[in-house]
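This is what each chain is made of:
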Amino acid sequence: MNHSPLPCRPETSHPVSATDHAVQLRSRCRGCIPLDAVWSPWMTELAADSDRVKQLIEFHGSPVNVLSTDPMRSNIKDLQNVASQASVPLQIHFARKANKCAEFVRTGLMESIGFDVASEFEKQQTLDELYRLPQHPFDSPIVCTAAVKPVSLIRSCVLSNIVLVIDNEDELTTLRETLAHLGSTAPKARIAFRLQHCSAKFPDLPSRFGMPANELTLLARSLCDEPRIQVVGIHFHVHRSDEQFSPSFTKALIDDALDVVDRVREIGHAVAWLDIGGGFPVNYLCHQKHWQRFLKEAHTFTESSGRFEANRKLTWNQRPLKDIDPTWQPMNAADWLRAVLTSSLAYEINRRELILKCEPGRALLDGCGLTIAEVLFVKRDQNQNHLIGLMMNSSQCRTTRDDFLVDPIVISASNESAKPTNQTDHAEIEGYFVGGYCTESEYLMQRRFRFPRGISRGDFVLIPNTAAYQMHFAESRAHQMPLAENVFL
Ligand SMILES: Cc1ncc(COP(=O)(O)O)c(C=O)c1O
């Protein structure tokens, strides 16, 4: 990892405000339906220093992921402050799956938070960092929520005192067998049960994870005579979309989970905490009106073809974008948590003497990373669309969603040529970003972009706020292309 200091903004004869800077930076690339992205100050500073950008690409190759842990620190503190103002004992567990860099584990440890791990490797890397600390303030600094848990993972969690979040009865059977195999001198296993919310009450929340309350309670009952398995928590995590981000929706989910806590305690288990998972909102966009316009256009496609008929310029090949994250959010994660933790909910948590745990990934990484790629070519396709070929492939900025809905910025190769009066500026063009895989569908972003002063070979494309999921979740070494390097500023 590179730990070079933050780049300085270059000297200019006329000092420009941060707003002017942002406007200037956005002036070279916008979605045909614009989605102006929120840029952290460190990202704007880097973007304004094109020599530094060029050096990063020359040194690390294209694309390169550039990261900063500073926003994570303040994101953690903001959530902790909200909880302490609400007088709720909150333990944050960073969902490691959102980004693979161990640097974020070290940052989390410095801020005294815990971790949610989802694989053997995530667990081991987190443990290695944890063992370097003399002491961690939590009783259970790591919870394991892996969607599939092989015996080896279950065994190592038991031996390392990691809480296993049990998803189903078979998993519990594997745990029982593992304990039997380990013998009577092995430590006790500590588990939480993953709750699946009632489908009648929350019909728009189908989930493959967890167990309905009744099934969960039955399993908890079956453990009453098994002192080697301690039920210490109840857990849920839901994948929210649209109105499910409203604080009242989450409050309702928590209310139901508190009932389950009561039921499992009545059976005789010493449930110490409720874990409400992640999925805290992140706002990626500057303007609500951009998002509203995008949604209006995006939803105006004919059902028969499933393609964008209404606005042919919206996406490549009129591809529909159906599965999308709500990229604009009215509240950031801290404001949202404040709205969730009403005084009545705080009372319900405190009267049960419960610890509230949560597992944000995306929200802690808000503002922590960007991805830079070099333009290798600009050409036209048979329909006269411009194709902008980047030294990058589609796995390097992708999740399971249809598209990442933010506008990148484009800068020229040096500060000199980045000036607005640049002699080499071309006429306005529109087009699509394409990448390195050999398929016809290798479009890096599905949306069509406008380049008011052209875009050329050797320019750089900077994609903001990619640290959570975008840069690592779908990474692949197809074609044996190297993975992007991760550079911390
Ligand atoms: C169990 C669990 N916890 C936490 C998270 C983190 O979610 P987010 O990054 O949206 O906060 C996930 C994400 O998939 C998850 O599956």
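Remember, it's a predicted structure, so these values are computed and weren't measured experimentally. (Residues numbered from 1 in each chain as written. Predicted model: local features only at pLDDT ≥ 70, side-chain atom pairs only at ≥ 80, totals over all residues. Heavy atoms only, no water.)

*Asks:* Report on the UniProt feature "active site" (unreviewed entry) in the protein chain, specifying residues and quantitative values.
*Replies:* Within this numbering scheme, the UniProt entry marks Cys 438 as carrying the feature "active site" (unreviewed entry). Relative to the helices and strands, Cys 438 is located in the loop between β14 (429-434) and β15 (449-451). Cys 438 gets classed as exposed once you look at its relative accessible area, which sits at 67%. (UniProt positions renumbered as here; feature names shortened; annotations may be inferred. Helix = DSSP H or I, 4+ residues; strand = E, 2+ residues; numbered from the N terminus. Buried < 20%, exposed > 50% of the residue type's maximum accessible area, 1.4 Å probe, protein only.)

*Asks:* Please set out helix α6 (residues 120-131) residue by residue, giving values where relevant.
*Replies:* When the terminal C-alpha atoms of α6 are compared, their 16 Å separation across twelve residues agrees well with the 16 Å that a helix rising 1.5 Å per residue should span. By the burial criterion, the buried members of α6 are Glu 122, Lys 123, Thr 126, Leu 127, Glu 129 and Leu 130. Projected down its long axis, α6 shows its buried positions confined to an angular sector of 165 degrees, all on one face. Away from its buried face by more than 90 degrees, α6 exposes Phe 121 and Tyr 131. (Expected span 1.5 Å × (residues − 1). Arc of directions from axis to C-beta.)

*Asks:* Go over the site of the ligand with me, naming the residues and quoting the values.
*Replies:* In the region of the ligand, 13 residues are neighbours, and Gly 279, Glu 359, Gly 361, Arg 362 and Tyr 469 sit closest. The contact in question runs from an oxygen atom of the ligand to an N or O atom on the backbone of Gly 279, over 2.7 Å. Between Gly 361 and the ligand, the recorded distance is 2.9 Å, taken from a backbone N or O atom to an oxygen atom. A total of 400 Å² of accessible area belongs to the ligand in isolation, and the protein chains cover 85% of it. Along the lines of polarity and charge, the residues of the shell around the ligand split into three nonpolar, five polar and five charged. (Near = heavy atom within 4 Å. Polar contact = N/O pair within 3.5 Å; in protein donor to acceptor, adjacent residues only side chain to side chain. Areas by Shrake-Rupley, 256 points an atom, 1.4 Å probe, with all protein chains shown as cover. Nonpolar A, V, L, I, M, F, W, Y, C, P; charged D, E, K, R; others polar.)

*Asks:* So, the UniProt feature "modified residue: N6-(pyridoxal phosphate)lysine" (unreviewed entry) in the protein chain: which residues are in play, and what are the values?
*Replies:* The sites that UniProt annotates as "modified residue: N6-(pyridoxal phosphate)lysine" (unreviewed entry) are Lys 97. Within the element layout of this structure, Lys 97 appears in the loop between β3 (90-95) and α5 (103-110).

*Asks:* Outline the pattern of salt bridges, listing residues and values.
*Replies:* With the rule as written, the count across this model stands at 26 salt bridges. Notably, a salt bridge pairs Arg 351 with Glu 348, separated by 3.0 Å at the nearest N-O pair. Here Arg 351 pairs with Glu 348, and both are found in helix α13 (residues 343-351), just three residues apart, close to one helical turn. Its relative accessible area of 23% is what places Glu 348 among the partly exposed residues. One salt bridge in this structure joins Arg 448 and Glu 430, with 2.8 Å as the shortest N-O distance. Pair noted here: Arg 448 is in the loop between β14 and β15 and Glu 430 is in strand β14, with a separation of 18 residues, a long-range link. Take Arg 448: its relative accessible area is 12%, and that puts it in the buried class. With a relative accessible area of 12%, Glu 430 lands in the buried category. One network of salt bridges, in which partners are shared, links Asp 70, Arg 73, Lys 77 and Glu 111. (Salt bridge = Lys/Arg side-chain N within 4 Å of Asp/Glu carboxyl O.)

*Asks:* Residue-level account of the pairing of strand β11 (residues 369-380), with values.
*Replies:* As paired strands, strand β2 (residues 64-67) and β11 are joined by four bridges and run antiparallel to one another. For Leu 67, the partnering residue across the bridge sits in β11 and is Gly 369. The pairing of β11 with strand β16 (residues 460-463) spans four bridges and is antiparallel. Residue pairing across strands places Ile 372 opposite Leu 462, the latter belonging to β16. Two strands pair when backbone bridges link them, and β11 and strand β12 (residues 386-390) are joined in this way by five bridges, in the antiparallel orientation. Across the sheet, Val 378 pairs through a bridge with Ile 388, a residue of β12. Here β11 folds back onto β12 in antiparallel fashion, the turn holding five residues, of which Gln 384 has a positive phi close to 70 degrees. (Pairing = 2+ DSSP bridges.)

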